[in-house]
Amino acid sequence: MPIIVNLDVMMAKRKMSLNELSEKVDLTLSNLSILKTGKAKAIRFSTLEAICKVLDCQPADILEYTKEIQ
Amino acid sequence: MKIKTETILTVSKYLALLGGVGCSILWGSQLVTLIASFINPEWVKHTYQVDLNLYGIREHSIGFYVCAMILTISVSVLKALFWYKIFELLSELKLQTPFSREVVIKLERMAFIMFSVWMISSIFWKTYTFYLTQATGIQLPIRNTDDEYLFMAGIIYIISQIFKRGIELQEENQLTV
């Protein structure tokens, strides 16, 4: 998929573990893992808002668009 | 409402099983008649649920008679198989998560069975009667009532494609965080 999720990068910058983020954004570990590994097909605005609030960042810091190599 | 739907599903499941058993009895008896007719040709007159002049064909040529019986039995076998597939489908269908790959595969197989029934009872039968008339002069009535199976196959195939799309939507929903 041309949309890359940089959640792990932001988590590393904020020195936050997946468990801690999961508790703070009120998402299950499995759902966060789906998002982190790029398996997610869609993300709700409410989820994005919660992650941005906890990690103190912009949506663009988490999501990135790259052209697909054919 | 939920209980009502489950009750309808259970009743339909056993009705499908009943249909399967009925069709199995039909093709079983036709097969027995075919085997018994080799010993005593008079048995041909008692072929179950076949209103054709089979005795006349048997008297004329055993090859044409066997061919007619094979076509008739294969249609009955496929109809029985179709009923058993409905029974299997209704047994495996879960109302909480109705869209699954198993259901799609079963629906596609059911569509293929219905298409095969139409192929045998329409195209093969018409070819057979044409050659029978050419070779022996015996004319058999052409069955036009079996065209509904082609329509049914089409409808079931469309339903299977809708279920396929349902799986995609279900997966998309599960992968939305």
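This text follows the structure it describes.
Residues numbered from 1 in each chain as written. Chains lettered and ligands numbered in written order. Predicted model: local features only at pLDDT ≥ 70, side-chain atom pairs only at ≥ 80, totals over all residues. Heavy atoms only, no water.

With that settled, consider unusual backbone geometry. Residues and elements named next belong to chain A. The phi angle at lysine 15 is positive, at roughly 55°, despite the residue not being glycine. Inspection of the secondary structure assignment puts lysine 15 in the loop between α1 (7–13) and α2 (18–25). We note that aspartate 26 has phi near 60°; this positive angle belongs to a residue other than glycine. (Helix = DSSP H or I, 4+ residues; strand = E, 2+ residues; numbered from the N terminus.)

Moving on, we get to the packing of aromatic side chains. All names here are of chain B. Within the structure shown, the criterion is met by 6 aromatic pairs over all chains. On the numbers, 6.4 Å between centres and 55° between planes, the contact of tyrosine 14 with phenylalanine 87 is tilted. With tyrosine 14 in helix α1 (residues 2–39) and phenylalanine 87 in helix α3 (residues 62–92), this pair connects stretches of sequence that are 73 residues apart. Phenylalanine 87 gets classed as partly exposed once you look at its relative accessible area, which sits at 21%. Look at phenylalanine 99 and phenylalanine 163: their rings are 5.2 Å apart centre to centre, the planes differ by 65°, and that puts the pair in the edge-to-face class. With phenylalanine 99 in the loop between α3 and α4 (101–136) and phenylalanine 163 in helix α5 (residues 148–174), this pair connects stretches of sequence that are 64 residues apart. Assessed through its relative accessible area of 29%, phenylalanine 99 is described here as partly exposed. (Phe/Tyr/Trp six-rings, centres within 6.5 Å; stacked < 30°, edge-to-face > 60°. Buried < 20%, exposed > 50% of the residue type's maximum accessible area, 1.4 Å probe, protein only.)

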